[in-house]
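Residue strings, one per chain:
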Amino acid sequence: MTQHLAAPSTGTSAEAPGHPTGWWQDAVIYQVYPRSFADGNGDGMGDLAGVTARLPYLRDLGVDAVWLSPFYASPQADAGYDVADYRAIDPMFGTLLDADGLIREAHDLGLRIIVDLVPNHSSDQHEWFKRALAEGPGSALRERYHFRPGKGTDGELPPNDWESIFGGPAWTRTTDPDGTPGEWYLHLFAPEQPDFNWEHPAVADEFRSILRFWLDMGVDGFRVDVAHGLVKAEGLPDLGSHDQLKLLGNDVMPFFDQDGVHEIYRSWRTILDEYPGDRILVAEAWTPTVERTANYVRPDEMHQAFNFQYLSTAWDAAELRAVIDSSLDAMRPVGAPTTWVLSNHDVTRHTTRFANPPGLGTQIRTPGDGELGLRRARAATLLMLALPGSAYVYQGEELGLPDVTDLPDEARQDPSFFRAEGQDGFRDGCRVPIPWTREGSSYGFGAGGSWLPQPGSWGAYSVEAQSGTEGSTLELYRAAIATRREHPGLGAGTDVLWLDAPEGVLALGRPGFVCTVNTTGAPVRIDAPGRLLLSSGPVAVDGDTVELPADTTVWWTV
Ligand code: NOJ
């Protein structure tokens, strides 16, 4: 039977205070993971020269801005999220001159550049930390980190029960300059990533100066790593639970999402506002609820925060509708745009997540049904790009790349894989270098090899293979982003209009458009809501009705 679409429910549009409008409110922002995007010098590792050479590709893809994961001087214990010098480029990625060239070239092409800022922790090779260790207990530099004596008769037990996000205790014991066991220091991530003590004024001053350094270099914004982690609860109290993993993301923790972090971002915002142009702060803030995420984007704090609740939602109409509503509702009162994100460098690519049964989380080690995953991923992208707010695209998702689930253990580099004894931490699978050409060394990634092995099937996913190919995932992204640009109504505003739709189907109204999404595994016939504009898979309109194929999204103009 044909199902009718009617229009009963409108979202209420409470007047929001605050944020001025800017390019970022409905921007499509592309994440470049520099190690794996393009290798300019043939050493098997991506670099800034490689990124610069590929900027025209990103301009043609139609994105507004590029966010680059860290490229600073770093021993690479956590792929650059362990920074030894915040004002220097790691030689593996190039030089400051290369960064300058990249920023200028991007601006000439109409692209904005967002860099990653890592303020929760430094590398253990940071000058401050090296000196703090060398100077021993009582060193003033130790106060810039969290050094504590251990518990137990000889200080042999960690100062509290916190665990590292990568597994194991969040504390490592030092050895004093005379060779005896000494104090412990806190690291919420790997031992090579000691946490800063943000109560110390020198830490705050240093980061204000780092912000200015990069703003002076011309960047358009910062993605703030672990934005929820900088402030720890007074006295570093025990968690009192051995199931930290269960609590993470569900509760405010003594080391995450403490209210004190907001003062830091208010101070940063005043710095950004001093600069000309429209520069932005983006929070990587894992919080228990979207309402708490909204705290990071109040009018005098950051501009955007990643919507991890959306990223974690299964391919299910009811669940998607609920998270879209709760995300928009949470952001409306603070006047910040909602963001939408499906993949990044920390989670299994959404093609592979959707290829597997729901409920497996965001670190998956099985390939699942690849064809199904790709069909759903394409449909999910068209839904994401029809939502009001800003959307993030992770490099390679425009090629429909799956996660590489069968990397040999010897090839893996993710510290979380080793810390968790291979039980978790499959982040290397989404970091495999991008294929640009059908054939050739590392499929055009560079003139040499690739730091993680690429599967033999990679050539078929390449930019070369998909460019100009009707129905390819790359051409779908190009068409969808171009359509969104031509019709600003698609990304604008803060509301969606839900239209009645059969179970398992979403129908949402946007200014001048309707987007229909069939999340079920079977075709569903509905009234055609307008003129077919774009679809994630083949669709045939039959007079006034249309059969929406399984796992397919269609955009209509009305
Ligand atoms: C979040 C980053 O996205 C991730 O890659 C990194 O391991 C942690 N923060 C620690 O910096």
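Computed from a predicted structure; not experimentally measured. (Residues numbered from 1 in each chain as written. Predicted model: local features only at pLDDT ≥ 70, side-chain atom pairs only at ≥ 80, totals over all residues. Heavy atoms only, no water.)

Draft legend 1. Fine view of the domain arrangement of the protein chain. Domain boundaries assigned for the protein chain yield domain 1 (23-120 + 201-479) and domain 2 (127-186). Relative placement of domain 1 and domain 2: their C-alpha centres are 31 Å apart. Contact with domain 1, which involves 23 residues of that partner, is made by 18 residues of domain 2. Summed over both sides, the interface of domain 1 with domain 2 buries roughly 1600 Å², with 59% coming from carbon and sulfur. Taken as a group, Leu236, Gln244 and Arg419 account for 35% of the area that domain 1 buries against domain 2, more than any other trio of residues on that side. (Domains from an automatic or database assignment. Contact = heavy atoms within 4.5 Å. Buried area = accessible area lost by both parts, 1.4 Å probe.)

Draft legend 2. Looking closely at the pattern of salt bridges. On inspection of all chains with the given rule, the structure shows 30 salt bridges. For Arg223, the salt bridge is made with Asp116, and the minimal N-O distance between the two is 2.9 Å. With Arg223 in strand E9 (residues 221-224) and Asp116 in strand E5 (residues 112-117), this pair connects stretches of sequence that are 107 residues apart. Between Glu301 and Arg266 there is a salt bridge, with its nearest N and O atoms 3.1 Å apart. (Salt bridge = Lys/Arg side-chain N within 4 Å of Asp/Glu carboxyl O. Helix = DSSP H or I, 4+ residues; strand = E, 2+ residues; numbered from the N terminus.)

Draft legend 3. Broad picture of the packing of aromatic side chains. Applying the stated rule across the entire model yields 30 aromatic pairs. For the ring pair Trp198 and Phe207, a centre distance of 5.3 Å and an interplane angle of 40 degrees mean the geometry is tilted. Phe207 sits in the buried class, given a relative accessible area of 1%. One aromatic cluster is present, formed by Tyr86, Trp128, Phe129, Tyr145, Phe147, Tyr185, Phe196, Trp198, Phe207, Tyr265, Trp268 and Tyr296 through successive ring pairs. The ring of Trp128 is capped by Arg144, whose NZ or CZ atom sits 4.4 Å from the centre of that ring. (Phe/Tyr/Trp six-rings, centres within 6.5 Å; stacked < 30°, edge-to-face > 60°. Buried < 20%, exposed > 50% of the residue type's maximum accessible area, 1.4 Å probe, protein only. Lys NZ or Arg CZ within 6 Å of the ring centre and 35° of its normal.)

Draft legend 4. Representation of the side chain of His187 in the model. Along the chain, the position of His187 falls in the loop between strand E8 (181-186) and helix H6 (201-216). What makes His187 buried here is its relative accessible area of 0%. Within the structure, the side chain of His187 is placed 2.7 Å from the side chain of Thr172, a separation counted as a polar contact. Contact partners of His187, with chain neighbours within four places excluded, come to Ser164, Pro169, Ala170, Trp171, Thr172, Gln193, Pro194, Asp195 and Arg419. (Polar contact = N/O pair within 3.5 Å; in protein donor to acceptor, adjacent residues only side chain to side chain.)

Draft legend 5. Looking closely at the packing of helix H13 (residues 370-384) against helix H16 (residues 473-486). As a packed pair, H13 and H16 sit with axes 10 Å apart at the nearest point and diverge in direction by 10 degrees. One finds that H13 runs roughly parallel with respect to H16. Touching Leu374, Arg378, Thr381, Leu382 and Met384 of H13 are Thr473, Leu476, Tyr477, Ala480 and Arg484, all from H16. (Axes fitted to C-alpha atoms, helices over the stretch in contact; angles between N-to-C directions. Parallel < 35°, antiparallel > 145°, perpendicular 65-115°, else oblique.)

Draft legend 6. Expanded view of the sheet that holds strand E18 (residues 531-535). Pairing is antiparallel across the open sheet formed by five strands, whose spatial order is E14-E15-E16-E21-E18. Of all strands in the sheet, those with a lone pairing partner are strand E14 (497-498) and E18, marking the two edges. Judged from the six bridges that link them, strand E16 (residues 513-518) and strand E21 (residues 552-557) form a sheet pairing that is antiparallel. Bridge pairing links Phe513 to Thr557 in E21. Sitting on the sheet, H13 touches strand E15 (505-510), E16, E18 and E21, and the angle it makes with E21 is about 35 degrees. (Pairing = 2+ DSSP bridges.)

Draft legend 7. Quick peek at the nonpolar core. Counting 140 residues, the largest nonpolar core has Leu58, Trp214, Phe222, Tyr265, Trp268, Tyr310 and Leu383 as the members making the most contacts within it. Here this core takes seven residues from H6, the largest share from any one element. In terms of domain composition, this core takes at least three residues from each of domain 1 (23-120 + 201-479) and domain 2 (127-186). Those residues in contact with Tyr310 that lie beyond four places of it in its chain are Leu320, Val323, Ile324, Trp340, Val341, Leu342, Ala380, Leu383, Met384 and Leu387. Residues Phe166, Leu186, Ala190 and Leu236 belong to the second largest nonpolar core, which totals 16 residues. (Core = buried A, V, L, I, M, F, W, Y, C linked by side-chain atoms within 4.5 Å.)

Draft legend 8. Region of the structure containing the site of the ligand. Close to the ligand lie 13 residues; Asp78, Asp225, His345, Asp346 and Arg427 are nearest. Within the contact set of the ligand, an oxygen atom lies 3.0 Å away from a side-chain nitrogen or oxygen of His121. Asp225 is positioned such that a nitrogen or oxygen atom in its side chain is 2.7 Å from an oxygen atom of the ligand. Here the ligand has 300 Å² of accessible area as a free molecule, and 97% of this is covered by the chains. In the shell around the ligand, the residues fall into four nonpolar, two polar and seven charged. (Near = heavy atom within 4 Å. Areas by Shrake-Rupley, 256 points an atom, 1.4 Å probe, with all protein chains shown as cover. Nonpolar A, V, L, I, M, F, W, Y, C, P; charged D, E, K, R; others polar.)

Draft legend 9. Representation of the environment of Leu499. On the secondary structure map, Leu499 appears in the loop between E14 and E15. Since its relative accessible area comes to 13%, Leu499 is described here as buried. For Leu499 and Asp300, which are 199 residues apart along the polypeptide, the C-alpha to C-alpha distance reads 35 Å.

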